[in-house]
Amino acid sequence: MDYDLIITGRQAIDGDTAQVGPQIAEHLGLPVISYAADIKVEGDSVVVKRQYEDRYHELKAKMPCLITALSELNVPRYMTPGGIFDACDKEVTVWGRADLKDVDDSDLGLKGSPTKIAKASDKVAKGAGEKVNLDPTESVAYLIGKFKEKHII
């Protein structure tokens, strides 16, 4: 094994199932941590800040492992004006389906994915919340009551 850490994107756009990274990890027999917003290497382990729907969790795993990354993990590097002009002059090689040799169409895209989705739906938007106008003392009592109601405290 010539690697400690494999980082993939969150999901591919062909089937949009977010299973490419986990399937690679399964094939290689590696642990996987998905939805990474931050990564730190500590010796032979990796500490990952993993995004959940409404919060973050911090996980630690021994390497080698695979991590799927969120866009928050990246800090873009902007090109210099000279780099932009150089890029405009470069020839771009474009490959299409005809360039793939010995590949069956049934092995590509959503049709070729071993993951089958019965139903997909968009995340339901949360409501506007509740607005109250209270003085500071009443506000504290109100918030404590809500926290207890939700079993936060």
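Computed from a predicted model, the values in this text were never measured in an experiment.

Undergrad: Honestly, the packing of aromatic side chains in this entry has me stumped. Any pointers?
TA: The geometry of an aromatic ring pair comes down to the distance between the two centres and the angle between the two planes. Within the structure shown, the criterion is met by zero aromatic pairs. In this structure, Arg 55 packs its charged tip against the face of Tyr 52, placed 5.8 Å from the ring centre.

Undergrad: Can you walk me through the nonpolar core in this structure?
TA: In globular proteins that are soluble, nonpolar side chains generally tend to be buried together. The biggest cluster of nonpolar side chains holds eight residues, and these are Ile 33, Ala 36, Val 46, Val 48, Ala 61, Met 63, Cys 65 and Ile 67. Elements that contribute at least two residues to this core include exactly β2 (32–42), β3 (45–51) and β5 (65–69). Ignoring anything within four residues of it in the chain, the contact list for Val 46 reads Ile 39, Lys 40, Val 41, Leu 59, Lys 60, Ala 61, Met 63, Cys 65 and Ile 67.

Undergrad: What should I look at first to understand the environment of Glu 130 in this one?
TA: Topologically, Glu 130 is positioned in the loop between α3 (109–112) and α4 (136–149). Only 2.2 Å separates the side chain of Glu 130 from the side chain of Tyr 142, close enough to count as a polar contact.

Undergrad: Help me understand unusual backbone geometry in this model?
TA: Residues apart from glycine generally show negative phi values, whereas peptide bonds are mostly found in trans. For the peptide bond that leads from Met 63 to Pro 64, omega is 10 degrees, which places it in the cis range. Among the secondary structure elements, Pro 64 is positioned in the loop between β4 (56–62) and β5. For Tyr 35, which is not a glycine, the phi torsion comes out positive at approximately 60 degrees. Mapped onto the fold, Tyr 35 is located in strand β2.

What counts, and at which threshold
- Residues numbered from 1 in each chain as written.
- Predicted model: local features only at pLDDT ≥ 70, side-chain atom pairs only at ≥ 80, totals over all residues.
- Heavy atoms only, no water.
- Phe/Tyr/Trp six-rings, centres within 6.5 Å; stacked < 30°, edge-to-face > 60°.
- Lys NZ or Arg CZ within 6 Å of the ring centre and 35° of its normal.
- Core = buried A, V, L, I, M, F, W, Y, C linked by side-chain atoms within 4.5 Å.
- Buried < 20%, exposed > 50% of the residue type's maximum accessible area, 1.4 Å probe, protein only.
- Helix = DSSP H or I, 4+ residues; strand = E, 2+ residues; numbered from the N terminus.
- Contact = heavy atoms within 4.5 Å.
- Polar contact = N/O pair within 3.5 Å; in protein donor to acceptor, adjacent residues only side chain to side chain.

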